[in-house]
Each structure stands twice: as C-alpha cells, then as structure tokens.
Amino acid sequence: MAETHVLFVEDDDVIREATQLALERDGFAVTAVPDGLTGLEAFRADRPDIALLDVMVPGLDGVSLCRRIRDESTVPVIMLSARADSIDVVLGLEAGADDYVTKPFDGAVLVARIRAVLRRFGHASGGLAGGGQPEPEAVGGVLVFGDLEVDTEGMEVRRGGAQVGLTPTEMRLLLEFSSAPGTVLSRDKLLERVWDYGWGGDTRVVDVHVQRLRTKIGQDRIETVRGFGYKLRA
C-alpha cells in the first residue's frame, strides 16, 4: 500500500524537522516546507493526501493557503495554531479547513488527528452513520428535502436541480443530518460521528462547518436548536 503523503507547512525549523521525523516514523511520506508560497507550489506539484498548515507562515499565510488549496481541491486540511482562542482558528475553518490542532502539540495526538481525518475522508462514501436509526424513505438512494436532493449512493447533492459542491467533511455532516431529518443532533454527537472524536473536541469546528454547509444548501435548511444542537428541516 502506498504511503500517505503529507504536505507540512511550518516556518519554525525545529518544529518542522521534529514533526517531519515523527510523522515519517509513523509511516507517512512528508514534504515539509517553510512558507506558504512554497507550500502552494508543493501542493500543486505533489498533490498530497493531506495538508498540515501553520496559520502564521511567511509569504502566504496558512489561512490564505488553505483558501487557495480549497479552490482547487477537496484534499483534507488541518490547521496548526499557537492559540486555541485565536480568531485564526475560526478563519482557518471558514477558509475550508477540516480540523485544527493547537501548538504545542504531542506527536501522538497529531498523528491520531491525521488518521481520524483520513478515515472519514476514506469512508465518505461508506454510507450513513445513523447510529441504528432508520433512514428516511429514498428512491434509488436519493433523499429529497424540498428543493434539496441527497444522493447517498452517488455521493452527490443537488439544490434546485443544480449540483452542489461539498467537501467530504461537509458531505458527511449532511449525511448525518439527512439520516435523521427533524431530529436534533448535539454538537458533541456530531463531533463523535463526523470528526471521529472519541473525546471532547472544540465545538467551533461543528459550528463553522454548519455555517459553510448552510451557505451551500440554504440558510434555513439546518435549524439551530438553542442549547441542544442542530436539526435538518424535513
């Protein structure tokens, strides 16, 4: 089986070299570069399986690089931020990142988060994780909610007949909602099912992805239930 190729953009020499060695020990192939412009060139040349982007890198910052990558690809992106409460975290998620890790980080934690992201991307077409709940009635694998059609077999979404481009993370999030329309799903439950977190995670990841999903399928399609979570309008 081919090695998973990681693009790692980090301007701190010590962190970049130590992290590269740690990832390589875990079986990853790593391209490590010190700035955003070189990172963009490496992404276009190598087409990695996943990108790790530090928020504060010279030339082209991590958020802008994430946005450029997302314009061209749905490859998973994890942002690295020095501050858990930084606005950069939200900006990175809004730019299209799938997850983030706060620095300083433990190498084992980073590897676990990478593998979690890769698992859900690899199983994006693996069906609905409905937790044993019955699926809504579908014709040919297509669920219909007003002008929204979710093809659970072809992994396609159409709104008003026009195809909607979703990232794998957004698709998995929509699959969770469409597997139980009208049912409130808590942020913690969505973190567990979509992000594969077996532990408490930052619910901002869920909130930003819900907002991104709303812009694509309709702002009123996913309802916020204050104090509890979100639900898909049937």
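An account of the accompanying structure is given in this report.

Criteria and cut-off values
Residues numbered from 1 in each chain as written. Predicted model: local features only at pLDDT ≥ 70, side-chain atom pairs only at ≥ 80, totals over all residues. Heavy atoms only, no water. Helix = DSSP H or I, 4+ residues; strand = E, 2+ residues; numbered from the N terminus. Contact = heavy atoms within 4.5 Å. Areas by Shrake-Rupley, 256 points an atom, 1.4 Å probe, with all protein chains shown as cover. Core = buried A, V, L, I, M, F, W, Y, C linked by side-chain atoms within 4.5 Å. Buried < 20%, exposed > 50% of the residue type's maximum accessible area, 1.4 Å probe, protein only. Pairing = 2+ DSSP bridges. Right-handed = clockwise from strand over helix to strand, strands pointing away. Axes fitted to C-alpha atoms, helices over the stretch in contact; angles between N-to-C directions. Polar contact = N/O pair within 3.5 Å; in protein donor to acceptor, adjacent residues only side chain to side chain. Parallel < 35°, antiparallel > 145°, perpendicular 65-115°, else oblique. Nonpolar A, V, L, I, M, F, W, Y, C, P; charged D, E, K, R; others polar.

Here we look at the overall build of the protein chain
Within the protein chain, the secondary structure is distributed over eight helices and eleven strands. For the protein chain, contacts bridging at least 24 residues in sequence account for 60% of all contacts bridging at least 6. By element, 49% of the accessible surface of the protein chain is carried by carbon and sulfur atoms, the whole surface being about 10,700 Å².

Considerations on the nonpolar core
Ranked by size, the top nonpolar core spans 51 residues in total, and within it Leu53, Met79 and Phe177 carry the most contacts. With six residues, helix α8 (residues 204-217) is the single largest residue contributor to this core. The residues touching phenylalanine 177, leaving out its near neighbours within four places in the chain, are Leu185, Leu190, Val210, Leu213, Ile222, Tyr230, Lys231 and Leu232. Counting 16 residues, the second-largest nonpolar core is a separate cluster that includes Val6, Ile50, Ile78 and Val101.

Description of the pairing of strand β3 (residues 50-54)
Most of β3 sits inside the fold, with five of its five residues counted as buried. Residue alternation in β3 divides its side chains into two sets, Ile50, Leu52 and Asp54 and Ala51 and Leu53, and both sets are buried. As defined by bridge partners, strand β1 (residues 5-9) adjoins β3 across four bridges and the pair is classed as parallel. Bridge pairing links phenylalanine 8 to leucine 52 in β3. Of the pairings in the sheet, the one linking β3 to strand β4 (residues 77-81) comprises four bridges and is parallel in character. Bridge pairing in β4 places aspartate 54 opposite leucine 80. Handedness of the β-α-β unit built from β3, helix α3 (residues 62-72) and β4 comes out right-handed.

What to know about the sheet that holds strand β9 (residues 162-164)
Pairing in this open sheet of four strands is antiparallel, and the strands run β6-β7-β8-β9 from one edge to the other. Looking at strand neighbours, the two that pair on one side only are β6 (142-145) and β9, the edges of this open sheet. For this sheet, the mean angle separating the axes of adjacent strands, direction not counted, is 25°. Here strand β7 (residues 148-151) pairs with strand β8 (residues 156-159) via four bridges, running antiparallel. Opposite leucine 148, over in β8, you have arginine 159 as the bridge partner.

Some details on the side chain of aspartate 98
With respect to the helices and strands, the residue aspartate 98 is situated in the loop between α4 (87-94) and β5 (99-102). Residue aspartate 98 is classed as buried on the basis of its relative accessible area, which comes to 0%. Side-chain polar atoms of aspartate 98 contact the side chain of arginine 70, separated by 3.2 Å.

Concerning the packing of helix α6 (residues 168-179) against α8
To characterise two packed helices, one gives the angle between the axes of the helices and the distance between these axes. The interhelical angle for the contact between α6 and α8, taken along N-to-C directions, is 85°, at an axis separation of 10 Å. When the axes of α6 and α8 are compared, the pair comes out roughly perpendicular. Facing Thr169, Glu170, Leu173, Leu174 and Phe177 of α6, the residues of α8 in contact are His209, Val210, Arg212, Leu213, Lys216 and Ile217. Each residue belonging to the contact of α6 with α8 can be placed in one class, and the counts come to six nonpolar, two polar and three charged.

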